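Structural characterization, general
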Amino acid sequence: MDRAYEGDETLQLALELGLKPVVPPRPGRLRPWEYDRAMYRKRNEVERLFRRLKGFRRIFSRFDKLDVMFMAFVHFALIFEALR
């Protein structure tokens, strides 16, 4: 769920599927819901990690034909990011 898609229908569907919304509601919403700020912060960290991984051309264009080679390069990129 993203803040842009925080309509009542989307929220109801997420709750019916057993999901807990971790995105804050829009400021002008009449009936805002509670959300877990720590979980939202972690979600943001994961999204930023995926954005940085897309910076590796070999990952986003999927040059490797074998899954094992692709995962090896993903692990290499994660190690590179951790050391940076």
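Residues numbered from 1 in each chain as written. Predicted model: local features only at pLDDT ≥ 70, side-chain atom pairs only at ≥ 80, totals over all residues. Heavy atoms only, no water.

Scanning the entire structure with this criterion turns up 4 aromatic pairs. Between Phe-56 and Phe-80 the ring centres are 5.9 Å apart and the planes differ by 90 degrees, which places this aromatic pair in the edge-to-face class. One end of the pair, Phe-56, is in the loop between helix H2 (37–53) and helix H3 (57–60); the other, Phe-80, is in helix H4 (residues 67–83), and 24 residues separate them in sequence. For Phe-80, a relative accessible area of 41% translates into the label partly exposed. Residues Phe-73 and Phe-76 carry aromatic rings whose centres are separated by 5.6 Å and whose planes lie at 40 degrees to one another, so their mutual orientation is tilted. Here the residue Phe-73 and the residue Phe-76 both occupy positions in helix H4, the gap between them amounting to 3 residues, near one helical turn. The exposure class assigned to Phe-76 is partly exposed, which follows from its relative accessible area of 47%. (Phe/Tyr/Trp six-rings, centres within 6.5 Å; stacked < 30°, edge-to-face > 60°. Helix = DSSP H or I, 4+ residues; strand = E, 2+ residues; numbered from the N terminus. Buried < 20%, exposed > 50% of the residue type's maximum accessible area, 1.4 Å probe, protein only.)

Right, let's get into the confidence of the model for the protein. Scored by pLDDT, the protein has a mean of 84; 98% of the residues are at 70 or more. Predicted confidence in the protein is weakest over H3, with a mean pLDDT of 78, and strongest over H4, with 90. (pLDDT = per-residue confidence, 0-100.)

Here we take up the side chain of Glu-81. Here Glu-81 lies in helix H4. With a relative accessible area of 11%, Glu-81 lands in the buried category. A distance of 2.9 Å separates the side chain of Glu-81 from the side chain of Arg-52, its partner in a polar contact. (Polar contact = N/O pair within 3.5 Å; in protein donor to acceptor, adjacent residues only side chain to side chain.)

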